[in-house]
Amino acid sequence: MNKNKRKIINDPVLGFINIPTEFLYDLVQHPYVQRLGRIKQLGLSSVVYPGAQHTRFQHSLGAMHLMGEAIAQLRQQGHDISPHEAEAARAAILLHDIGHGPFSHCLEHSLVHGISHEELSLLMMGRMNEETGGRLDLAMDVFRNRHPKRFLHQLVSGQLDMDRIDYLSRDSFYTGVVEGTIGAARIIKMLNLHEGELAVDAKGIYSIEKFLVARRLMYWQVYLHKTSVAAEKMLVNILKRAKVLAAGGADLFASPALRYFLYRRVDKEQFLASPDALRHFALLDDADIVCAIKVWQSHPDAVLRTLCTAFTNRRLFKVEVQDRPFDPQRLHDLTRTYMRRFGIGEDEAACLTGEETVSTDTYNPQDDRINILYKDGTVKDIAEASDMLNIQVLTKKVEKHYLCYYRL
């Protein structure tokens, strides 16, 4: 290996991260991956947890490192994983997030339409594959679950994938939410295979129980915190208003990459048909959005100006949360209040409010089971094996309704 490509990265969560091959080093250096250093991992969670400033790049490196640890453990258990397969699995997890837009999940359906960040990741991996003469073929097969060794895909995207193990460890560290702390090293040391699928040795069951409980707590305490949801709704409404103004011919300050998405509707068909869409998307990051919002604070449009000034100075939407949908009359009354107060129309006033329904379940065995492997070779789903977990609670889909509105 070229000594200039021998890199060890000191990570505050996982310690020293080694980049084991020249090809992986080249992937890390690619502009698509470097862009992740300009996108916050937790979107707008820093409005609640000021320490949550870490990036998608840090997370991707961490997940790649954990993939190496998992592969080493499975090899130690006697399972065959070739160097080429190991490199492909590391590449797949390194690149799994490159399709994220600014502020991660926050603007996934505001700037682009009808295409998920997973699909965009695959499109970008395809472009990189062309550049490297097909060297990502195997990584893309692993990513798409087309490789015969299914456990490699489970390590990239499954109930116990390296993505989840890294982001729970990393997000709890940077937010300071200790309830989200998991035994990442212990979980990986307990990994095994049963009939070609990922399993956990029975003595690791308590670590899995802790992992599931921590994931549930992190979702409601961090990822779906009501103030974060309010901030995200505010950002979505800012972009929505900006796009309406752009469609009406207003000249808005924006970087070339942001302007591309403001002044046209970009959907999956355009990404597939035109290289321009992906090229502009690959240049878009948090800085484009923040810079535009700072300038829009002085825009002539009252709604855009009001929202951007409030967002920049953390005067966020007030938010109410309940278990049932809000009475539509409540939203109607708020809209009428804003129309009178600001002298604006109904569509404009609607940008000062927002509703959001969120739901999540901690564990869904129909998606992908967590199999507990016993010494006699039998397996049980964690729901059956655990004598502590109330699996009815963990598998139940919890739904909450959020009403967000501008503070007068």
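Let me sum up the structure you'll find in this document.

**So, the sheet that holds strand β8 (residues 379-381)**
Strand order across the open sheet formed by four strands is β3-β4-β7-β8, with mixed pairing between neighbours. Looking at which strands have only one partner, the edges of the open sheet turn out to be β3 (191-194) and β8. The sheet shows a mean angle of 45° between the axes of neighbouring strands, taken without regard to direction.

**What to know about the packing of aromatic side chains**
Geometry of an aromatic ring pair is reported as the spacing of the ring centres plus the angle between the planes. What the rule picks out here adds up to nine aromatic pairs. Centre to centre, the rings of Phe 261 and Phe 281 are 6.2 Å apart; their planes meet at 75°, and the pair counts as edge-to-face. In this pair, Phe 261 sits in helix α12 (residues 256-262) while Phe 281 sits in helix α14 (residues 275-281), placing the two residues 20 residues apart along the sequence. Sitting over the ring of Tyr 260, Arg 264 keeps its end group 4.1 Å from the ring centre. Of note, Lys 400 hangs over the ring of Trp 220, and the distance from its end group to the ring centre comes to 4.3 Å.

**Remarks on empty space enclosed by the protein**
Per the counting criterion, the structure on display carries six cavities of 30 Å³ or more. Its boundaries defined by the atoms lining it, the largest cavity holds a volume of some 90 Å³. Along the walls of the second largest cavity sit Gln 154, Gln 159, Leu 160, Leu 198, Ala 199, Val 200, Asp 368, Arg 369, Ile 370 and Asn 371, which together make up its complete lining. Top element by residues in the lining of the second largest cavity is strand β4 (residues 197-201). It accounts for three residues. Per-class residue counts for the lining of the second largest cavity are five nonpolar, three polar and two charged.

About the cut-offs
- In every chain, residue numbers begin from 1 and rise along the written sequence.
- Reporting of local features is limited, given that this is a predicted model, to residues whose pLDDT is at least 70; pairs of side-chain atoms are given and counted only at 80 or more, and all residues count toward the totals for whole chains, interfaces and linings.
- Each side-chain value is derived from all of the structure's non-hydrogen atoms; neither hydrogens nor water enter the calculation.
- The pairing criterion for strands is at least two bridges between them, as found by DSSP.
- The helix count covers DSSP runs of H or I at least four residues long, the strand count covers runs of E at least two residues long, and both are numbered beginning at the N terminus.
- Every angle, taken between N-to-C directions, lies between 0 and 180 degrees, and every axis is a line fitted to C-alpha atoms, over only the stretch in contact when it is a helix.
- Between rings of Phe, Tyr and Trp, where Trp is taken as its six-membered ring, a pair exists when centres lie within 6.5 Å; planes separated by under 30 degrees are stacked, by over 60 edge-to-face, and by other angles tilted.
- By the criterion adopted, a ring carries a charge over it if an Arg CZ or a Lys NZ lies within 6 Å of its centre and within 35 degrees of its normal.
- Method remark: on a 1 Å grid restricted to protein atoms, a set of points is classed as a cavity if a 1.4 Å probe fits but cannot get out and as a pocket if it is open with protein on both sides within 12 Å along at least five of seven lines; lining residues have an atom within 4 Å of a point.
- Grid points are joined across faces, edges and corners, and a volume is the space filled by probe spheres set on the points.
- Ten residue types, Ala, Val, Leu, Ile, Met, Phe, Trp, Tyr, Cys and Pro, are classed as nonpolar, four, Asp, Glu, Lys and Arg, as charged, and the remainder, Gly among them, as polar.

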